[in-house]
Amino acid sequence: MLPAQNNSDEMDNVTLVRVIGVVHKLTGITMAEHKKPLLQSRLKKRMRELQITSYGEYMDYLAKTAGETQNFINVVTTNETTFFRTPKVWSFFEKEFLPEWHKNNPRTMLTLWSAASSSGEEAYSLAILCSEFKLKTPGFDFKILATDISSAVLAEAEAGEYHDRAVEFFKRAKPELYDRYFSKKDESTHIISSEVKKKVQFLPHNLFSVKKEQFDIIFLRNVLIYFSSEDQENVLMNVSRSLKINGHLIIGESESLSRLNTPYHFISACIYDLRKEGK
Ligand SMILES: C[S@@+](CC[C@H](N)C(=O)[O-])C[C@H]1O[C@@H](n2cnc3c(N)ncnc32)[C@H](O)[C@@H]1O
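Since the model is a prediction, treat every value here as computed from it, not as a measurement.

A.B. asks: Explain the overall build of the protein to me, please; I cannot follow it from the model alone.
C.D. replies: Counting its regular elements, the protein contains 11 helices and 10 strands. At 21 Å, the protein has a C-alpha radius of gyration in line with the 19 Å of a compact globule built from 279 residues. Seen through its principal axes, the protein has C-alpha atoms that stretch 75 × 55 × 30 Å. Residues classed as buried in the protein amount to 32% of the 279 residues present. Within the protein, contacts between residues separated by at least 24 positions form 74% of all contacts whose residues are at least 6 apart in sequence.

A.B. asks: Whenever I open this one, the site of the ligand confuses me. Can you help?
C.D. replies: For the ligand, the set of nearby residues contains 25 residues, the closest of which are T77, T81, A116, R221 and N222. For the shell around the ligand, the class distribution of residues is 8 nonpolar, 12 polar and 5 charged. Of the residues that make up the shell around the ligand, three or more belong to each of domain 1 (7-76) and domain 2 (87-161 + 194-274).

A.B. asks: Please explain helix α5 (residues 87-104) as it appears in this structure.
C.D. replies: Because the α-helix completes a turn every 3.6 residues, residues three or four places apart line up on one side. In this model α5 runs 25 Å from its N-terminal to its C-terminal C-alpha over 18 residues, within 8% of the 26 Å that 1.5 Å per residue would give. Buried-residue contacts for α5 involve β1 (109-114), α6 (121-136), β7 (215-220) and β8 (243-251).

A.B. asks: It is not clear to me how the sheet that holds β7 should be interpreted in this structure. Could you clarify?
C.D. replies: Where strands meet in a sheet, backbone hydrogen bonds hold them as pairs that are either parallel or antiparallel. A sheet is described by the order of its strands in space; here 7 strands give the open sequence β6-β2-β1-β7-β8-β10-β9, paired in mixed fashion. Pairing within the sheet leaves two strands with one partner each, and these edge strands are β6 (200-204) and β9 (264-268). Averaged over neighbouring strand pairs, the angle between their axes works out to 25 degrees when direction is ignored. Each of β7, β8 and β10 (271-274) is contacted by helix α11 (residues 229-240), which is oriented at about 140 degrees to β8, the strand it contacts most.

A.B. asks: Would you explain the pairing of β7 in this entry?
C.D. replies: Within a regular beta strand, the side chains point alternately toward one face of the sheet and then the other, so they alternate between its two faces. Counting buried positions over the 6 residues of β7 gives 5, a clear majority of the element. Pairing analysis gives 5 bridges linking β7 to β8, with the strands arranged parallel. Bridge assignment links I218 to a residue of β8, and that residue is L249. What joins β7 to β8 is α11, and the crossover it makes is right-handed.

A.B. asks: Got a minute to help me understand unusual backbone geometry in this structure?
C.D. replies: Glycine aside, residues mostly have negative phi angles, and peptide bonds mostly take the trans form. Positive phi, close to 60 degrees, is recorded for R107, a residue that is not glycine. In this fold, R107 is placed in the loop between α5 and β1. Classification of R107 by C-beta neighbours within 10 Å gives exposed; the count is 8. Notably, S118 is not glycine yet its phi reads approximately 50 degrees, a positive angle. When you line up the elements, S118 lands in the loop between β1 and α6.

A.B. asks: Explain the sheet that holds strand β3 (residues 161-163) to me, please; I cannot follow it from the model alone.
C.D. replies: Read from one edge of the open sheet, 3 strands run β3-β5-β4, paired in antiparallel fashion. Of all the strands in the sheet, just β3 and β4 (182-186) have a single pairing partner and so form its edges. Taking each pair of neighbouring strands and ignoring which way they run, the sheet shows an average axis angle of 35 degrees. Two strands pair when backbone bridges link them, and β4 and strand β5 (residues 189-192) are joined in this way by 4 bridges, in the antiparallel orientation. The partner of K184 across the bridge, within β5, is H190. Across the face of the sheet, helix α8 (residues 164-173) comes into contact with β3, β4 and β5 while running at roughly 85 degrees to β3.

A.B. asks: Any chance you could explain the nonpolar core here in plain terms?
C.D. replies: One recurring pattern in soluble globular proteins: nonpolar side chains tend to sit buried together. By size, the foremost hydrophobic cluster in this structure holds 66 residues, and its most contacted members are A127, I144, I218, L220 and L249. Those residues in contact with A127, other than ones at most four positions away along the chain, are I144, V196, K199 and V200.

Rules and cut-offs
Along each chain, numbering runs from 1 in the same order as the chain's sequence is written. Reporting of local features is limited, given that this is a predicted model, to residues whose pLDDT is at least 70; pairs of side-chain atoms are given and counted only at 80 or more, and all residues count toward the totals for whole chains, interfaces and linings. Under the DSSP-based scheme used, a helix requires at least four consecutive residues in state H or I and a strand at least two consecutive residues in state E, with every element numbered from the N terminus. Here the radius of gyration uses the C-alpha set of atoms, whereas the globule reference equals 2.2 Å times the residue count to the power 0.38. Field definition: a residue is buried when 20 or more other C-beta atoms are found within 10 Å of its C-beta, exposed when 12 or fewer are, and partly exposed for counts in between, with C-beta atoms placed from the backbone. Each residue is represented by a C-beta atom placed from its backbone, and any two residues with such atoms within 7 Å are regarded as in contact. Here, nearness is defined through the C-beta atom: a residue counts as near a molecule or strand if that backbone-placed atom lies within 6 Å of it. Ten residue types, Ala, Val, Leu, Ile, Met, Phe, Trp, Tyr, Cys and Pro, are classed as nonpolar, four, Asp, Glu, Lys and Arg, as charged, and the remainder, Gly among them, as polar. For each domain, the first and last residues come from an automatic or database assignment. Expected helix span is taken as 1.5 Å per residue step, with the number of steps being one fewer than the number of residues. Here the rule is simple: two strands pair whenever DSSP picks up at least two bridges between them. Inter-axis angles, ranging from 0 to 180 degrees, are taken between N-to-C directions of lines fitted to C-alpha atoms, where helices are fitted over the stretch in contact. When the strands point away from the viewer, a crossover counts as right-handed if the path from the first strand over the helix to the second runs clockwise. Here a nonpolar core is just a set of buried residues of the types Ala, Val, Leu, Ile, Met, Phe, Trp, Tyr and Cys, joined wherever their C-beta atoms sit within 7 Å.

Dropping the structure here:
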């Protein structure tokens, strides 16, 4: 007897177009057809768990199983992140933004949003620098909202436990901060301090909908790159509705708003603010 055929190795073009369409519909992410090997390997892992052998069959299962939507989103999103990613942004935040903001807003709670937070490194980097600033600045306080469309990374963020690789660079660059805000769970697991953890709330959110709260600063980094120009403009408009006038928007190193129609005003690479119309 011939061995059972394994159809899962190659995705046909009709299914590829279908997968790309569903990824866009659910997340806004535009995937090029040359990403087929990436999509195949990510979906295959999930298909193995479900004992589904063809991509077409998996897409049928996804279409009729509401509970599968989140698993699909979790596997198709790219969640790469690190503590203190792009040092120049953190230097601006620590040395310019925080002192200036506090001078202009004494006795006010600073509100921050890490708007595609992945597994929490960005939000905890913010919490660490704000905690440091709070230590030397009586009257200063802050709260951070961190959101993502992937429930898998939000669960990791909430756990606040990181492997060696995740803290390696940060530990070497800022040993005193590592010592103050991390402890060891075991040989290779590092836990963020409970003091820092309680300053961050993690919630699911899709950037294609509007958040009601208002923030002083929003980190929207390394997510716009996955969207078409039109979708970037939509997301940037949604996010602007949650940014206070004179609030700051921080984007990723490989992202720029210069060719887009948006309400933001350029300050320096990665850094923008929102001004009253006409200012
Ligand atoms: C590469 S990570 C960036 C993490 C972090 N901001 C940084 O710069 O290191 C991109 C994150 O965007 C999230 N994402 C993708 N599409 C999204 C959407 N429509 N709404 C919210 N988050 C989304 C992904 O799940 C992923 O965790």
